[in-house]
Amino acid sequence: MAEAKLLDGKAYALRLRERVAKGVAELASTGRKPGLATILVGVDPASEVYVKSKTRVAAELGMASFDHRLPVGTSETELLALIDTLNIDPSIHGILVQLPLPKPIDTSHVLLAIDPNKDVDGFHPINVGRLGSVAPGAPLDFPVPCTPLGVSMLLADALGSLSGRNALVIGRSNLVGRPVAQLLLRADCTVTIAHSRTRDLAALCRTADIAVVAIGKPGFVRGDWIKPGAAVIDVGINRLPADDGKTRLVGDVAFAEALPVAGHLTPVPGGVGPMTVACLLYNTLQEARRAAGLPFAAV
Ligand SMILES: NC(=O)c1ccc[n+]([C@@H]2O[C@H](COP(=O)([O-])OP(=O)(O)OC[C@H]3O[C@@H](n4cnc5c(N)ncnc54)[C@H](OP(=O)(O)O)[C@@H]3O)[C@@H](O)[C@H]2O)c1
């Protein structure tokens, strides 16, 4: 049996980064430089790694990055005051608050405080509403959550038109599942959203031409759940102990089982993961263009 075509997110993300770098250079000719502010509150090793990679790639693409590290115990009021400052700073076009935030800071207050036109993570309720009400095929001229945007780019690149396909999104988080479902609906898929209370998920999955899996359970979706030839996008990132005493990353899909059944499949690592940072910088470039009075450009 033929094996699934692997969707190389690493290679796609590199190409996207090159296009963003070109967009940054074009903007530089008007005397403007996109600026990304990152805010990390407290100490969390995984978040440190994410923030570092975001600021490193921003610099590689010619953007300015402003790294704000706030100590454990920072109050919500202090964090909101920093966001207010960044909101009115004309050199900043994107504000990223690394989640999760330590308690007792209320994440919803923080997301609401970010200027929707600097909300490069796409989590502000205004941007959530824009995505929820976008017409089929209409341009995405507002920030869209980065991982879902990456998923939709990979699918469009692999399949072309998604119109009329049955798409199953497993997971309904605000971060991944719901925005992925909205993007697929905009692309004219017939979308089903599954979650932990869904009945007979395996049977539902066998009807899906496209399955996007974002649940956080290693190897949860088995090979015999997959419709032959389906496109399977594995968003899951799970760290498991490896034989050498270190750890290894696996997705939410049983990769070896899915490989001979699916038509297209994302590996973990190297599939959706690299798209997230590239899309963040894509969003930052778009917001810098907006601030310069230029239209969104599909780079
Ligand atoms: N590649 C990337 O850049 C990237 C970015 C973000 C997240 N991720 C990864 O993607 C995964 C999901 O992240 P998330 O933030 O969306 O997680 P989350 O907020 O924990 O949401 C998980 C979702 O999966 C559903 N679920 C859990 N168990 C299930 C089951 N047995 N059957 C069906 N659905 C089930 C949950 O349903 P209920 O709503 O009913 O509880 C929930 O909607 C994680 O592995 C995360 O690390 C990767």
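Higher on the page you've got the structure.
My aim in this report is to walk through the structure given alongside it, one point at a time. Quick caveat, the model's predicted, so the values are computed rather than measured.

## Some thoughts on the overall build of the protein
Then step 1. Each helix and strand counted, the protein has 10 helices and 11 strands in total.
Then step 2. Relative to the globule expectation of 19 Å for 299 residues, the C-alpha radius of gyration of the protein, 19 Å, shows essentially globular dimensions.
Then step 3. Viewed in the frame of its principal axes, the protein has a C-alpha envelope of about 55 × 40 × 35 Å.
Then step 4. When each of the 299 residues of the protein is scored for burial, the buried share is 48%.
Then step 5. Long-range contacts, defined here as pairs at least 24 residues apart, represent 68% of the contacts in the protein between residues at least 6 apart.
Then step 6. The positive charge centre, built from 30 side chains, and the negative charge centre, built from 28, are 3 Å apart in the protein.

## Topic: the sheet that holds strand β1 (residues 5-6)
Then step 1. Spatial ordering of the open sheet is given by β1-β11-β8-β7-β5-β6, a layout of 6 strands whose pairing is parallel. This sheet does not close on itself; its edge strands, each paired only once, are β1 and β6 (190-194).
Then step 2. The sheet contacts of helix α7 (residues 177-186) involve β5 (166-170), β6 and β7 (210-213), and relative to β5 the element is tilted by about 170°.

## Details of the packing of aromatic side chains
Then step 1. In total, this model carries 1 aromatic pair according to the counting rule given.
Then step 2. Considering the side-chain rings of F220 and W225, the 5.5 Å spacing of their centres and the 80° angle between planes classify their relative orientation as edge-to-face.
Then step 3. The class of F220 is partly exposed, set by a relative accessible area of 34%.
Then step 4. Classification of W225 as buried rests on a relative accessible area of 13%.

## A few points about the side chain of S47
Then step 1. Looking at the secondary structure, you find S47 in helix α2 (residues 45-60).
Then step 2. With near-sequence residues (within four places) excluded, S47 lies in contact with L40, Q98, L99 and P100.

## Some details on the site of the ligand
Then step 1. Taken together, the neighbourhood of the ligand is formed by 21 residues, with R172, S173, S196, K217 and T276 sitting nearest.
Then step 2. One of the side-chain N or O atoms of S196 is found 2.5 Å from an oxygen atom in the ligand.
Then step 3. Between the ligand and the protein, one listed contact pairs an oxygen atom with a backbone N or O atom of I237 at 3.0 Å.
Then step 4. About the coverage of the ligand: the protein hides 71% of its 930 Å² of free accessible area.
Then step 5. Residues of the shell around the ligand, tallied by class, amount to 10 nonpolar, 9 polar and 2 charged.

## What about the pairing of strand β3 (residues 64-70)?
Then step 1. With 7 bridges connecting them, strand β2 (residues 35-41) and β3 associate as parallel partners. Paired with V41 across the bridge in β3 is L70.
Then step 2. At this point the chain moves from β2, through α2, to the parallel β3, and the crossover so formed is right-handed.

## Focus on the sheet that holds strand β4 (residues 94-97)
Then step 1. The strand order across the open sheet built from 3 strands is β3-β2-β4, with neighbouring strands paired in parallel fashion. Every interior strand has two partners, whereas the edge strands, β3 and β4, have only one. If you compare each strand with its neighbour and ignore which way they point, the axes differ by 15° on average.
Then step 2. Packed on one face of the sheet, helix α3 (residues 76-88) meets β2, β3 and β4 and runs near 180° to β2.
Then step 3. Against the sheet, helix α10 (residues 273-291) contacts β2 and β4, and its axis sits at roughly 130° relative to β2.

## Here we look at α10
Then step 1. Taking 1.5 Å of rise per residue, the 19 residues of α10 would be expected to cover 27 Å, and the 29 Å separating its terminal C-alpha atoms lies within 8% of that figure.
Then step 2. For α10, the buried fraction is high: 14 of the 19 residues fall into the buried class.
Then step 3. Positive phi shows up at G293, right after α10, with a value of about 80°.

Cut-offs used in this document
Residues numbered from 1 in each chain as written. Predicted model: local features only at pLDDT ≥ 70, side-chain atom pairs only at ≥ 80, totals over all residues. Heavy atoms only, no water. Helix = DSSP H or I, 4+ residues; strand = E, 2+ residues; numbered from the N terminus. Rg over C-alpha atoms; globule rule 2.2 N^0.38 Å. Buried < 20%, exposed > 50% of the residue type's maximum accessible area, 1.4 Å probe, protein only. Contact = heavy atoms within 4.5 Å. Lys, Arg positive; Asp, Glu negative; His and termini not counted. Charge placed at Lys NZ, Arg CZ, Asp CG, Glu CD. Pairing = 2+ DSSP bridges. Axes fitted to C-alpha atoms, helices over the stretch in contact; angles between N-to-C directions. Phe/Tyr/Trp six-rings, centres within 6.5 Å; stacked < 30°, edge-to-face > 60°. Near = heavy atom within 4 Å. Polar contact = N/O pair within 3.5 Å; in protein donor to acceptor, adjacent residues only side chain to side chain. Areas by Shrake-Rupley, 256 points an atom, 1.4 Å probe, with all protein chains shown as cover. Nonpolar A, V, L, I, M, F, W, Y, C, P; charged D, E, K, R; others polar. Right-handed = clockwise from strand over helix to strand, strands pointing away. Expected span 1.5 Å × (residues − 1).

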